[in-house]
Amino acid sequence: MKSAFKAKPLRYPESWGDFPAGEHIQHAISEVCNDFAERIFGYHFAKIGALSSCISLNNSPIRHHINYTPQLLTKSHQQPLNKKDSESYVVGHSHCLPFSENSIDGFVLANELDFAQDPHEILREVDRVITQNGYVIISGFNPLSLAGIAKYLPVKRDNVLHDARFFTSYRIKDWLQLLGFEIVEQRQVLFSTLFFQQKWKGAARLQHYLSSYLPWCSAVYVILAKKRVIPMTAIKPKKKLKPQFSAVGASARASSASRLASK
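Everything numeric in this text was worked out from a predicted model, so none of it was measured. (Residues numbered from 1 in each chain as written. Predicted model: local features only at pLDDT ≥ 70, side-chain atom pairs only at ≥ 80, totals over all residues. Heavy atoms only, no water.)

Draft legend 1. Spatial organisation of the nonpolar core. Counting residues in hydrophobic clusters, the biggest one holds 36 residues, and the most contacted among them are Trp16, Phe19, Ile137, Phe141 and Leu194. Of all the secondary-structure elements, those providing two or more residues to this core are α1 (22-37), β4 (104-110), β5 (130-141), α4 (146-150) and β7 (220-227). No other element matches the seven residues that α1 contributes to this core. Core analysis: the second largest hydrophobic core is formed by 27 residues, Phe107, Ile122, Val136 and Trp175 among them. (Core = buried A, V, L, I, M, F, W, Y, C linked by side-chain atoms within 4.5 Å. Buried < 20%, exposed > 50% of the residue type's maximum accessible area, 1.4 Å probe, protein only. Helix = DSSP H or I, 4+ residues; strand = E, 2+ residues; numbered from the N terminus.)

Written out as structure tokens, the structure is:
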């Protein structure tokens, strides 16, 4: 298995518009993220990366959302603010989060690991600042799909999608489990090459068929994981060992004394 670390940084997408079918991908991922976000409660929700910051979580019960991006997003890339939510924008790199330990209740990493130079470093930072029983939502491109095959074909070679890492969902889940996360749910979305806009009228019917019978070949997967912290319990002291001998009874002592007197 190839190392997850890349010696050179990859081209980083500034928005979903950098992909040929970016709007379609964003809409599909947003639907799943919104559904997952309904289960996450707390005070702070962080969306890591430029793509994650474009995902609107209108169904989230958490009021404060933090958009953490490498550079400040333009107004055209920002999502409209929800009346019940407050949005904060912080500029920085995803492998160095400026949050204190155990401070963020939920994370969204929308294809952030696919364009990361060292995805392990990002996940370690998420593990450091996430609260106990916090949640993380991760989406990624599936290499076992038509999009994974098209990545190696001479199709729109100048597109940033060719630079994506395309990690398998099994590999992402293995990394999460090593950090103490429990995989709650995984959903498969989009069954196309992602290099072209879907204009065929029967595409929706084909999507439904493939999602039912061939879910493993979807172009995008979305994972919901929960941080598990095993509480420390005091070790009870061992019980005192019972003596291996037994006291001699009065009748035994009397019989012994009578035998000595007779001698």
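Draft legend 2. Fine view of the pattern of salt bridges. Throughout the structure, instances matching the rule amount to seven salt bridges. Across the pair Asp163 and Arg11 runs a salt bridge, and its minimum N-O distance is 2.6 Å. You can see Asp163 sitting in the loop between α4 and α5 (169-178) and its partner Arg11 sitting in the segment before α1, a full 152 residues away along the chain. Asp163 gets classed as partly exposed once you look at its relative accessible area, which sits at 25%. Given the relative accessible area of 38%, Arg11 is considered partly exposed. Of the charged contacts, one joins Lys227 and Asp127 as a salt bridge, the two residues approaching to 2.5 Å between their closest N and O atoms. With Lys227 in strand β7 and Asp127 in helix α3 (residues 119-129), this residue pair connects regions lying 100 residues apart in the sequence. Among the residues examined, Lys227 registers a relative accessible area of 11% and is labelled buried. Looking at Asp127, the relative accessible area reads 21%, which means it is partly exposed. (Salt bridge = Lys/Arg side-chain N within 4 Å of Asp/Glu carboxyl O.)

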